[in-house]
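A look at the structure
Take a look at the letters that make up each chain.
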Amino acid sequence: MLRPLIFQLGVTFCLILIIHSNPAYSDDENRTVYDVLQDYDLPVGLLPEGVTGYELDHTTGRLSVTLSDTCSFSEGKYQLKYEATVKCYISNGKLSSLEGVSVKFSEVWVNIVEIVRRGNDIDFSIGIGKAAFPVEYFEESPQCGCGMNCSRRPSLRKLMANR
């Protein structure tokens, strides 16, 4: 008689743990990863259009973003490339331990390892150096293949070319 009671208590305890844990998951409330970026005070344009899914572990901040394929484009003098899966840790105003995003620098592709919002600027770090850009450059997401040069926002294209 004591064994069934212990078993029931064990099952109940396990169910409580499962219900109240914060596993990695894709948000079921029709929220996009772009909404998540804004929740963390980051602009949506840090990711290109065409994200097909994401997983966010709210406990650790681990974020994994899935694109339908690799994505690359040029923006001014910069060439950017996103792998089909981009991973990082997200916190307020910051993407750290970034994997899957690179920039062509002096004819060599280097990984962008961190993105930090500092007031009205966004800093991109490649580990040995960084570059800062105004946050308004990232108000819209770029498109794979053409970036912001898809006959939208010609003023932004002009600004990026002058940096």
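In the block above lies the structure referred to throughout.
Just so it is clear, the structure is predicted and the values come from calculations on it, not from any experiment. (Residues numbered from 1 in each chain as written. Predicted model: local features only at pLDDT ≥ 70, side-chain atom pairs only at ≥ 80, totals over all residues. Heavy atoms only, no water.)

With that settled, the discussion passes to unusual backbone geometry. A positive phi angle is found at aspartate 41, which is not glycine, with a value near 60°. In this structure, aspartate 41 sits in the loop between α2 (33-39) and β1 (51-56). Classification of aspartate 41 by relative accessible area gives partly exposed; the value is 39%. Backbone geometry places serine 97, a non-glycine residue, at a positive phi of 50°. Mapped onto the elements of the fold, serine 97 is located in strand β5 (residues 94-105). (Helix = DSSP H or I, 4+ residues; strand = E, 2+ residues; numbered from the N terminus. Buried < 20%, exposed > 50% of the residue type's maximum accessible area, 1.4 Å probe, protein only.)

Turning next to empty space enclosed by the protein. Scanning all chains against the criterion turns up one cavity of 30 Å³ or more. Space inside the largest cavity adds up to approximately 80 Å³. Around the largest cavity, the lining residues are Leu37, Leu46, Leu47, Leu63, Val65, Tyr82, Val86, Cys88, Leu95, Leu98, Val101 and Ile115. Those elements that provide at least two residues to the lining of the largest cavity are β2 (62-67), β4 (78-91) and β5. Looking at side-chain class alone, the lining of the largest cavity contains twelve nonpolar, no polar and no charged residues. (1 Å grid on protein atoms, 1.4 Å probe; cavity = no way out; pocket = protein on both sides within 12 Å on 5 of 7 lines; lining within 4 Å. Points joined across faces, edges and corners; volume = space filled by probe spheres on them. Nonpolar A, V, L, I, M, F, W, Y, C, P; charged D, E, K, R; others polar.)

Once that is clear, we can look at the pattern of salt bridges. Side-chain pairs of opposite charge can arise where the charged atoms are in close proximity. Using the criterion set out here, one finds six salt bridges in the structure. We note a salt bridge from aspartate 41 to arginine 117, for which the minimum N-O separation is 3.2 Å. Highlighted residues: aspartate 41 in the loop between α2 and β1 and arginine 117 in strand β7 (residues 114-118), separated in sequence by 76 residues. The class of arginine 117 is partly exposed, set by a relative accessible area of 24%. Salt-bridge contacts for glutamate 107 lead to lysine 104; the nearest nitrogen and oxygen are separated by 3.9 Å. Residue classification places glutamate 107 among the exposed positions, given a relative accessible area of 67%. (Salt bridge = Lys/Arg side-chain N within 4 Å of Asp/Glu carboxyl O.)

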